[in-house]
Amino acid sequence: MNKLIIEKELLKHNVEVIKKHAGKTPVMGIVKCNGYGLGLVEYSKLLLEYGIDLLGVSCYEEAIILRDSGINCEILLLTPYSDENVLKALIERNIILTVGSVSSAKAVESAGILCNATPRANIEIDTGMGRCGFSVEKPDEILSVKDLVIDYCGTFSHFSFSFADKDTYVLNQLEKFEKVITYLNNNGFKTGVLHIANSSAFMKYEETHLDMVRVGSALLGRVEGADAFGLKKIGYLESRVIETNLLKKGSNVGYANTYKVKKDTETAIIPIGYADGFLTEKKRDTFRFFDTLRYIKEALLPGKYYVKINNSPSRIIGRVGMFNIICDVTGMNVSAGDKVTANVNPILLDNSIKREYK
């Protein structure tokens, strides 16, 4: 019954806005996590059709699926792998790999020898994310893999806090990255295409664009500052009312009796809940003090959220359940089967829910 609706014209609009801002700089569309929840293959094909230059993924399975689905553009796997069988499968499909350590570089070279091919790879440098990549403190380690049988066609890093209000973190990481690049170039290492900008940095700091930009959440219009940038929010959940009810004054609504109706209330029951990803929040991972306060405030204010039933707003009352929500439809003439639309972040939407482009 439930399905995610993706408006192709809005997606095309977002690509046009991003391409205009990028100018002549190539744009890599990041399609990790099932295309940010929009459906990996169909979403990727549309991005390429609308003008995105190449694609980036985070896990090797996605790279293989894209190539085996007939997508022939350049694909960069942004995560380093060392498993021989995985690397062979990727090299055979002409996927650009990532090297983030001496051991991963040697693994890539060995897999290339087994495939009788020279693998292509990007060097990853850790400038402050604390994840994968060669340390900026040890650029000599990168030089130590210079002569391996690998075509190093690019070098990149990743911003850890580009959505911050201050530019301190971004400029600090950019400076570290550029210092390592200068050192490598001065020592005969060809660093290839340089890229560091993610969606937030791309939108806020033009100096981070370098030779290429990596854009993911901005394509969906689901990044801080998207409205001001001219981006449209992509994707909404469509459902149907499964039942209506009349609750008498004083009746409890939902788990834990946290909400009680103050008057006789007509309600509609809708089969969406947190198991679908509804009203779950990705942005909580910032853990800023402001975000924490906002989360507490929202948790203590039942009845704040709305869906649309027959294009009219209807307030959610009581707690969101795993599979259901209850809405106040007093005076709205709502019946079972009426259409419901709700805002969701597609990346948090269960993959069992059908994706429909229109």
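Residues numbered from 1 in each chain as written. Predicted model: local features only at pLDDT ≥ 70, side-chain atom pairs only at ≥ 80, totals over all residues. Heavy atoms only, no water.

**Student:** I'd like a description of the packing of aromatic side chains, backed by residues and values.
**Tutor:** Enumeration according to the criterion identifies three aromatic pairs in this entry. Relative to Tyr 81, the ring of Tyr 60 has its centre 5.3 Å away and its plane inclined at 85°; by these criteria the two rings are edge-to-face. Taken as a pair, Tyr 60 in helix α4 (residues 60-68) and Tyr 81 in the loop between β4 (75-77) and α5 (84-92) lie far apart in primary sequence, 21 residues in all. (Phe/Tyr/Trp six-rings, centres within 6.5 Å; stacked < 30°, edge-to-face > 60°. Helix = DSSP H or I, 4+ residues; strand = E, 2+ residues; numbered from the N terminus.)

**Student:** Help me get a handle on the side chain of Thr 191, residues and values and all.
**Tutor:** With respect to the helices, strands and loops of the structure, Thr 191 is situated in the loop between α8 (168-186) and β9 (193-195). Sequence-distant contacts of Thr 191, defined by excluding residues within four places in its chain, comprise Cys 153, Gly 154, Thr 155, Ile 181, Leu 184 and Asn 185. (Contact = heavy atoms within 4.5 Å.)

**Student:** Just give me the short version of the side chain of Asp 126, but keep the residues and values in it.
**Tutor:** Here Asp 126 lies in strand β6 (residues 120-126). Despite its burial, Asp 126 remains without a salt bridge, the nearest opposite charge being carried by Arg 131 at 7.9 Å. A polar contact of 3.0 Å, which involves the side chain of Asp 126, links it to the backbone nitrogen of Met 129. Look past the residues within four positions of Asp 126 in its chain and what remains in contact with it is Arg 131, Cys 132, Gly 133, Phe 134, Ser 135, Val 136 and Ser 157. (Buried < 20%, exposed > 50% of the residue type's maximum accessible area, 1.4 Å probe, protein only. Lys, Arg positive; Asp, Glu negative; His and termini not counted. Salt bridge = Lys/Arg side-chain N within 4 Å of Asp/Glu carboxyl O. Polar contact = N/O pair within 3.5 Å; in protein donor to acceptor, adjacent residues only side chain to side chain.)

**Student:** Just give me the short version of the sheet that holds β4, but keep the residues and values in it.
**Tutor:** Sheet strands associate in pairs through backbone hydrogen bonding, adopting either a parallel or an antiparallel arrangement. Spatially, four strands are ordered β4-β3-β2-β10 in an open sheet, and the strand pairing comes out parallel. Of all the strands in the sheet, the pair left with one neighbour each is β4 and β10 (213-215). In this sheet, adjacent strand axes meet at a mean angle of 30° when their direction is disregarded. Summarising the sheet, strand β3 (residues 54-57) and β4 pair through three bridges and their orientation is parallel. By the bridge assignment, Leu 55 is partnered in β4 with Ile 75. (Pairing = 2+ DSSP bridges. Axes fitted to C-alpha atoms, helices over the stretch in contact; angles between N-to-C directions.)

**Student:** Explain the pattern of salt bridges residue by residue, including any values.
**Tutor:** Side-chain pairs of opposite charge can arise whenever the charged atoms involved come near each other. For the structure on display, the rule yields 10 salt bridges. Here Lys 248 ties to Asp 264 by a salt bridge, and the two come within 4.0 Å at their closest N and O atoms. Here Lys 248 is found in the loop between β12 (243-247) and β13 (252-253), whereas its partner Asp 264 is found in the loop between β14 (259-260) and β15 (265-270), with 16 residues between them in sequence. On the basis of relative accessibility, which here comes to 41%, the residue Asp 264 falls in the partly exposed class. Across the pair Glu 356 and Lys 354 runs a salt bridge whose closest N-O atoms are separated by 3.9 Å. Note on Glu 356: relative accessible area 23%, which makes it partly exposed. Beyond isolated ion pairs, a larger network of salt bridges with shared partners links Lys 3, Glu 238, Lys 354 and Glu 356.

**Student:** Just give me the short version of the nonpolar core, but keep the residues and values in it.
**Tutor:** Counting residues in each nonpolar core, the largest one holds 102 residues, and the members touching the most others are Tyr 43, Leu 47, Leu 219, Ile 270, Val 307 and Ile 309. At six residues, α8 tops the list of elements feeding residues into this core. The residues touching Ile 309, leaving out its near neighbours within four places in the chain, are Val 241, Ala 268, Ile 270, Ser 314, Cys 327, Val 329, Met 332, Val 334, Asp 338, Lys 339 and Val 340. Formed by five residues, the second largest nonpolar core is a distinct cluster that contains Leu 247, Tyr 259, Val 261 and Ile 317. (Core = buried A, V, L, I, M, F, W, Y, C linked by side-chain atoms within 4.5 Å.)

**Student:** Would you mind going over a nonpolar patch on the surface in detail, with residue names and values included?
**Tutor:** The grouping of Tyr 274, Met 322 and Phe 323 at the surface amounts to a nonpolar patch, some 320 Å² of accessible area in total. Structurally, Phe 323 can be placed in the loop between β17 (312-317) and β18 (325-328). (Patch = residues over 30% accessible without salt bridge, like charges linked within 9 Å, V, L, I, M, F, W, Y side chains within 5 Å. Areas by Shrake-Rupley, 256 points an atom, 1.4 Å probe, with all protein chains shown as cover.)

**Student:** Give me the pairing of β15: which residues, what numbers.
**Tutor:** For β15, the buried fraction is high: five of the six residues fall into the buried class. Here β12 pairs with β15 via five bridges, running antiparallel. Bridging across to β15, Leu 246 finds its partner in Glu 266. As paired strands, β15 and β18 are joined by four bridges and run antiparallel to one another. Across the sheet, the residue bridging to Ile 270 is Ile 325, located in β18.

**Student:** So what's going on with unusual backbone geometry? Residues and values would help.
**Tutor:** Although it is not a glycine, Asn 34 sits at a positive phi angle of roughly 55°. The residue Asn 34 is located in helix α2 (residues 32-36) in this model. A positive phi angle, near 70°, is found at Asn 311, a position not held by glycine. Checked against the element boundaries, Asn 311 lands in the loop between β16 (306-309) and β17. Accessibility expressed as a relative area gives 62% for Asn 311, which makes it exposed.

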